[in-house]
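Architecture at a glance
Listed below are the residues making up each chain.
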Amino acid sequence: MSKLFSPYSFGSLELSNRIVIAPMCQYSAVDGLATDWHMIHLGNLALSGAALLILEATAVVPEGRISPDDLGLWSDEHANALAPIVAAIRRHSPIKLGVQLAHAGRKASTKVPWEGGAAIQPDEPRGWQTEAPSAVPHAEGDPAPLALDAAGLARVKDAFVAAAQRAHALGLDAIELHGAHGYLLHQFLSPLANRRDDEYGGSLENRMRYPLEVFAAVRAAVPSMTAGMRISATDWVEGGWDLEASVRLAQELKRLGCDFIHVSSGGVSPHQQIALGAGYQIGFAERIKEETGLPTIGVGLITEAQHAETILQKDQADLIGLARAMLFDPRWPWHAAAELGDQVFAPPQYLRSQPREHKTLFG
């Protein structure tokens, strides 16, 4: 058996293999409500043979959406829109389901990527006033966000908790808090975005305080669910958030009962200089795994089965996160299992597609 297709357990999750479908925004919701697109898209990925599917960044408040078309979970109506999709997946696939709970902070109120992704001004149609740790725009020309006061911090934290409770009621298996890619929780962590002079700004301890408070509140609200965080291990900007700080954050998260870390990078500054390449973020995952012992999802331009297997064999990560590679090839796990001489789940309706040269591919 390859390591990629060996079982793995963390938190309350028991996974059949090490392949995780990472969250991918679809910008296809209506007022935050899931649509037919989500049924088709998620249903397709649920039949891929991966072990865990994490739903896209899902806003905990309306103003926390990246775009007006983002998915949300800020009301029971939003949970009800997701319920039939979850039920359909449960009927036809053994895949585990998670959701990434998110607030975009100062990077909210933007056009969808295929319309350019530019910021929508608060007084423009479909735009709104953003909020963040500090009144510092993301990029030149962007509107300045409002700095969250004590009441705002409490409101947002409560919204994360309420969304987590809805995820639990939906029967989802895991929650991933979005602390990466320049969104709200990452904005608190990075000195590039956080210019506060209260207990939530300044020192590393202070900048970590609010993300840790949010995680602790979610952990307490849904103690039976697997819960972790996606982080940007570095801002790729001099003087920004870095790997040493990420190790400290992961250690604190572990102390609070965090079950996993999903290790990405960048997103908080348009001045980032990212050294792209196959597996370019795996070194960050490896360091955090070594320093904390937390189950770690490694992600970042991993497209080949043997590359994923090598990462696991070298103990650089515990699981492999795939995103765009899965959109390009929704049967990536099938093809990887065939290449590695292993077995993978397929629904009975598809069993006859098994290639002649891989007689045991589907078990």
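Residues numbered from 1 in each chain as written. Predicted model: local features only at pLDDT ≥ 70, side-chain atom pairs only at ≥ 80, totals over all residues. Heavy atoms only, no water.

Within an unreviewed UniProt entry, the label attached to the protein reads NADH:flavin oxidoreductase/NADH oxidase, and the organism entered is Massilia arenae. As its UniProt record puts it under Cofactor (unreviewed entry), the protein is described as follows: "FMN". (UniProt positions renumbered as here; feature names shortened; annotations may be inferred.)

For the rest of this paragraph, the subject is the packing of helix 6 (residues 243-255) against helix 7 (residues 282-292). Taken N-terminus to C-terminus, the directions of helix 6 and helix 7 make an angle of 45°; their axes are 10 Å apart at the nearest point. Judged by the inter-axis angle, helix 6 sits oblique to helix 7. As helix 6 packs across helix 7, the resulting crossing turns out to be right-handed. On helix 7, the residues that touch Leu243, Glu244, Ser246, Val247, Ala250, Gln251 and Lys254 of helix 6 are Phe284, Arg287, Ile288, Glu291 and Thr292. When the residues that make up the contact of helix 6 with helix 7 are grouped by side-chain class, the tally is five nonpolar, three polar and four charged. (Axes fitted to C-alpha atoms, helices over the stretch in contact; angles between N-to-C directions. Helix = DSSP H or I, 4+ residues; strand = E, 2+ residues; numbered from the N terminus. Parallel < 35°, antiparallel > 145°, perpendicular 65-115°, else oblique. Left-handed = near helix turned anticlockwise from the far one by under 90°. Contact = heavy atoms within 4.5 Å. Nonpolar A, V, L, I, M, F, W, Y, C, P; charged D, E, K, R; others polar.)

The next point concerns the sheet that holds strand 4 (residues 52-59). Spatially, eight strands are ordered 3-4-5-8-9-10-11-12 in a closed barrel, and the strand pairing comes out parallel. The sheet shows a mean angle of 25° between the axes of neighbouring strands, taken without regard to direction. Of the pairings in the sheet, the one linking strand 5 (residues 96-102) to strand 8 (residues 174-179) comprises four bridges and is parallel in character. Following the sheet pairing, leucine 101 is matched in strand 8 by leucine 177. On the sheet, helix 1 (residues 36-46) packs against strand 3 (19-21) and strand 4 and is oriented at approximately 150° with respect to strand 4. (Pairing = 2+ DSSP bridges.)

For the coordinates displayed, the defined rule picks out eight aromatic pairs. Aromatic pair tyrosine 27 and tryptophan 114: ring centres 6.1 Å apart, planes at 85°, arrangement edge-to-face. Highlighted residues: tyrosine 27 in the loop between strand 3 and helix 1 and tryptophan 114 in the loop between strand 5 and strand 6 (131-132), separated in sequence by 87 residues. Here arginine 331 stacks its cationic end above the ring of tryptophan 334, 5.1 Å away from the centre of that ring. (Phe/Tyr/Trp six-rings, centres within 6.5 Å; stacked < 30°, edge-to-face > 60°. Lys NZ or Arg CZ within 6 Å of the ring centre and 35° of its normal.)

The subject of this paragraph is the UniProt feature "domain: NADH:flavin oxidoreductase/NADH oxidase N-terminal" (unreviewed entry) in the protein. When the UniProt feature table is mapped onto this chain numbering, "domain: NADH:flavin oxidoreductase/NADH oxidase N-terminal" (unreviewed entry) sits at residues 3-341. Regarding residues 3-341, the helix share stands at 35% and the strand share at 16%, and the terminal C-alpha atoms are separated by 11 Å.

Attention now moves to the nonpolar core. The nonpolar side chains of a soluble globular protein tend to be buried, and buried together. Within the largest apolar cluster, 93 residues are counted, with the highest numbers of intra-cluster contacts made by Leu4, Leu101, Phe160, Ile175, Leu177, Ile261 and Trp332. For this core, the element with the most residues is helix 3 (residues 150-169), which contributes eight residues. Excluding anything up to four places from it in sequence, leucine 4 contacts Asn17, Arg18, Ile19, Ala305, Ala308, Glu309, Leu312, Ile320, Trp332, Ala336 and Leu340. By size, the runner-up hydrophobic cluster in this structure holds 12 residues, among which are Tyr8, Leu15, Ala51 and Phe260. (Core = buried A, V, L, I, M, F, W, Y, C linked by side-chain atoms within 4.5 Å. Buried < 20%, exposed > 50% of the residue type's maximum accessible area, 1.4 Å probe, protein only.)

The next point concerns the layout of surface pockets. Estimates place the volume of the largest pocket at around 1300 Å³. Together, 50 residues line the largest pocket, and Pro23, Tyr27, His181, Tyr183 and Arg324 are the ones closest to its centre. Those elements that provide at least two residues to the lining of the largest pocket are strand 12 (319-322) and helix 9 (324-328). In terms of residue count, the dominant contributor to the lining of the largest pocket is helix 9 (three residues). Split by residue class, the lining of the largest pocket holds 26 nonpolar, 18 polar and six charged. Volume-wise, the second largest pocket comes out at about 210 Å³. (1 Å grid on protein atoms, 1.4 Å probe; cavity = no way out; pocket = protein on both sides within 12 Å on 5 of 7 lines; lining within 4 Å. Points joined across faces, edges and corners; volume = space filled by probe spheres on them.)

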